[in-house]
Amino acid sequence: MGMGTSPVGMGMCQSGPVGMRTFPPGLVYVPRDVGAPSCPRPSSVRCWGWPLVPDPPHQCRTAPPPPPLPAPAPLGGSGGGARAPIGAASGRWRGRALTPVNDSPPVAPRCQRPRWANTGPGAPGRAGCPRPLLAPSGPGPWEGASSGAGGGFWGIFVNRSLALEKIKCFGFDMDYTLAMYKSPDYEELAFALLLEHLVSIGYPHEILAYKYDPTFPTRGLVFDALYGNLLKVDSHGNLLVCAHGFRFLKGAEILHYYPNKFIQRDDMKRFHILNTLFNLTEAHLYACLVDFFTNCSRYVNCDTGYKHGNLFMSFRSMFQDVREAMDSVHLSGCLKEKTLENLEKYVVKDPRVPLLLSRMKEVGKVFLATNSDYNYTDAIMSYLFDFSDGHKAETPQRPWRSYFDLIVVDTRKPLFFAEGTVLRQVNTDTGKLRIGTYTGPLQHCAVYSGGSSDVVCDLLGVKGKDILYMGDHIFGDILKSKKRQGWRTFLVVPELARELQVWTEKSELFEELRSLDLFLAELYQHLDSGSSERPDISSIKRRIQKVTHEMDMCYGKMGSLFRCGSRQTLFANQLMRYADLYAASFINFLYYPFSYLFRAPPVLMAHESTVEHGRLDAGEAGTTLAPWLAQHGHPGQQVGGRGPRSRRAEESQHQQPDASGVLCPLSPPTPSQVAGVCRDSSGEEEDDGEA
């Protein structure tokens, strides 16, 4: 079968004993996402990157739902979206009823991990794809989120293998990590303050009529300070989307500005990457200003700016004005003041936060490193840990500083991960800094200002890879801590809730795009360099463009944070490159034991994912797997004279959660295991592929 390209995460399934290894009867590769087909498959199927799940009997099993986790207090605001968790209230998926299957004991205490099987009319005779991991229902803080601070999806996703039991220290950023701001309320506040500042320095009062639109911006956009365009690019600088104001450019218009549909990303004076959640309002403001001046009759449009009489305003000067407005709003304290005036409106309060931090402190050290000043940090953290107002907390209430071994404010990241600044101690009674550089030992519940990542390691007595640092800033938190210090990294991606919701609800679009790619490859399968035939693929290309556009519009006006059709964005590439783990919220760690081993799926190059290995017949496959089966056993099989055991006993012994928490049996040996690759005692390769 000819195989074309497919969107990342949409598995390329192929029957027969192919791929890296052949699996014992009763085991199949089943995609984790519901976008993949749920048709019956032979017992040896390849779907790259997905875990093994048991192939159930052809009579679907049903079971009563497991006891629910205690639901947290309502967390969201008006922008949290009123949708119920997918598959929760309706119990439907693609026209079929969903029944949770939970015939194995939970792996971690206080945590149920149900799998989902198709049991409705037309359902196949084997379990369908496991559902995305759902947290207790409730309103969410992010646009389109379905519940909790994690947006309803509590899986943790793995780019590089990580043994959680090796982590000796857990580090946190505060803004958009420990303290999750409610969207779009918080962005609307920041946007209004930015407009007011621009008007105060001479911009027309008419711009105050613009309102923040959460469906327009996304992270990872690039602002072209020469032509005033907002660009969405891939990791190489190839253009995916181009917008001038709110008008999306096409074809000849794009070629007018970018003849090769390509930009030099290293030209940092011209191209500015908007990677943070704070940049969402900035990106939308650029579009509003360009839209206003383009359509205002008082101004003459030029390629690089606008003329008004003898005055010329370039897009570069507009960029500088907006950046100065951003600095003023944040540094002057007006945004912080407005936030503190109504914390309930702007900040998510989750009773699970103190519970998780107390558990982390039992197994390791915990520190906080934030760019915010002490007074703002103290106000936000006191609110997050104060449950005297009726919210039910999972742990006895105590001062927020007692949850941390070290607290550092005013860190000035990313400078913090390089030479840093002077470390000073904070007087927690007045909020003022003590005179002189602090050179003493670590003091319990003390607060420090400035410093560097090296100072943190010295005070806590840990080294780079002992630390797992969690933050939302791909550059300031993740990239620099990874490249300069070798810290293990966890990226908080609140938008992931919405991304997964579209991924599951619009699975037919992803499947159609995959089918079009395969069909396009089939047209050329029997042609070579001597063929004069030229297949007409114009209609297929138009259909691919239409489906890609329809997919993008499901996410928002700028499309997905991670992709444009089957092409990954710059943000997605950076996430995969620098974040060891990522999830919608750090709270998702609550559902994993601290002895957990996060295993990354194999990363295959194009030639590895499309060219088959040599086929093994059934006898050879059985010989290869016999030692593993003899050691581990498998439900329903007899190996080496062992008698059959009860299904519940076998599954209890051999099921473990995969990297997203889905229960699955222990995997058979990988080629590296068969070849005798040296591993340490945790089962983790000695070299994770990092420099």
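Please refer to the structure higher up on the page.
Residues numbered from 1 in each chain as written. Predicted model: local features only at pLDDT ≥ 70, side-chain atom pairs only at ≥ 80, totals over all residues. Heavy atoms only, no water.

Focus on the sheet that holds strand β24 (residues 488–492)
- Taken in spatial order, the nine strands of this open sheet run β8-β27-β24-β23-β10-β19-β20-β22-β21, and their pairing is mixed. Strands with a single pairing partner mark the edges of an open sheet, and in this sheet they are β8 (157–158) and β21 (424–425).
- Packed onto the sheet, helix α9 (residues 453–460) meets β10 (169–172), β19 (365–369), β20 (406–409) and β23 (467–471) and runs at close to 165 degrees relative to β20. (Pairing = 2+ DSSP bridges. Helix = DSSP H or I, 4+ residues; strand = E, 2+ residues; numbered from the N terminus. Contact = heavy atoms within 4.5 Å. Axes fitted to C-alpha atoms, helices over the stretch in contact; angles between N-to-C directions.)

Here's the deal with unusual backbone geometry
- A cis amide bond links Ser-183 with the next residue in sequence, Pro-184, at an omega value of 5 degrees.
- With an omega of 10 degrees, the peptide bond running from Lys-413 to Pro-414 counts as cis.
- Within the element layout of this structure, Pro-414 appears in the loop between β20 and β21.
- The phi torsion at Tyr-176 lies on the positive side, around 65 degrees, for a residue other than glycine.
- Relative to the elements of secondary structure, Tyr-176 occurs in the loop between β10 and α1 (185–200).
- Relative accessible area serves as the criterion here: at 0%, Tyr-176 is assigned to the buried category. (Buried < 20%, exposed > 50% of the residue type's maximum accessible area, 1.4 Å probe, protein only.)

Section: the sheet that holds strand β13 (residues 239–244)
- The antiparallel open sheet is built from five strands, whose spatial order is β14-β13-β12-β11-β15. Across the chains shown, the open sheet's two edge strands, defined by having one partner strand only, are β14 (247–248) and β15 (271–274).
- Pairing geometry for strand β11 (residues 221–224) and β15, over four bridges, is antiparallel. Residue Val-222 lies in a different strand from β15, and its bridge partner there is Ile-273.
- Running at roughly 130 degrees to β15, helix α3 (residues 279–295) makes contact with β11, β12 (229–233), β13 and β15 of the sheet.

A look at the pairing of β10
- Here β10 shows a buried face lined by Cys-169 and Gly-171 and a second buried face lined by Phe-170 and Phe-172.
- Pairing between β10 and β19: four bridges, direction parallel. When the sheet's bridge partners are listed, Phe-172 is paired in β19 with Leu-368.
- In this structure, β10 lies alongside β23, joined through four bridges in parallel fashion. Residue pairing in the sheet places Phe-170 in a bridge with Leu-468 of β23.

What about the packing of aromatic side chains?
- With the rule as written, the count across this model stands at 39 aromatic pairs.
- Ring plane angle 85 degrees and centroid distance 4.9 Å describe the contact between Phe-293 and Tyr-299, whose orientation is recorded as edge-to-face.
- Here Phe-417 and Tyr-469 contribute two aromatic rings whose centre-to-centre distance is 6.1 Å and whose plane-to-plane angle is 75 degrees, an arrangement assigned as edge-to-face. In this pair, Phe-417 is assigned in the loop between β20 and β21 and Tyr-469 in strand β23, connecting sequence segments 52 residues apart. (Phe/Tyr/Trp six-rings, centres within 6.5 Å; stacked < 30°, edge-to-face > 60°.)

Things to note about the side chain of Lys-349
- For Lys-349, the position within the fold is in the loop between α6 (343–346) and α7 (352–363).
- A relative accessible area of 5% means that Lys-349 is categorised as buried.
- Within the structure, Lys-349 has its side chain in polar contact with the backbone oxygen of Asp-386 (distance 2.3 Å). (Polar contact = N/O pair within 3.5 Å; in protein donor to acceptor, adjacent residues only side chain to side chain.)

Overview of the environment of Tyr-448
- For Tyr-448, the position within the fold is in strand β22 (residues 447–449).
- For the pair Tyr-448 and Arg-424, spaced 24 residues apart in sequence, the C-alpha to C-alpha distance is 5.6 Å.
- When sequence neighbours within four positions are dropped, the list of residues in contact with Tyr-448 reads Leu-406, Ile-407, Val-408, Val-409, Leu-423, Arg-424, Gln-425, Val-426, Tyr-438, Pro-441, Leu-442 and Gln-443.
- Only 3.2 Å separates the side chain of Tyr-448 from the backbone nitrogen of Gln-443, close enough to count as a polar contact.

Looking at helix α13 (residues 538–555)
- Taking 1.5 Å per residue, 18 residues should reach 26 Å; α13 reaches 27 Å between its end C-alpha atoms and fits that length.
- Of all the positions in α13, only Ile-540, Ile-544, Val-547, Thr-548, Met-551, Asp-552, Cys-554 and Tyr-555 are classed as buried. Seen along its axis, α13 keeps its buried residues to an arc of 150 degrees; they face one direction. Summarising the geometry of α13, the exposed residues directed more than 90 degrees from the buried face are Arg-542 and Gln-545. (Expected span 1.5 Å × (residues − 1). Arc of directions from axis to C-beta.)

Geometry only, nothing functional implied.
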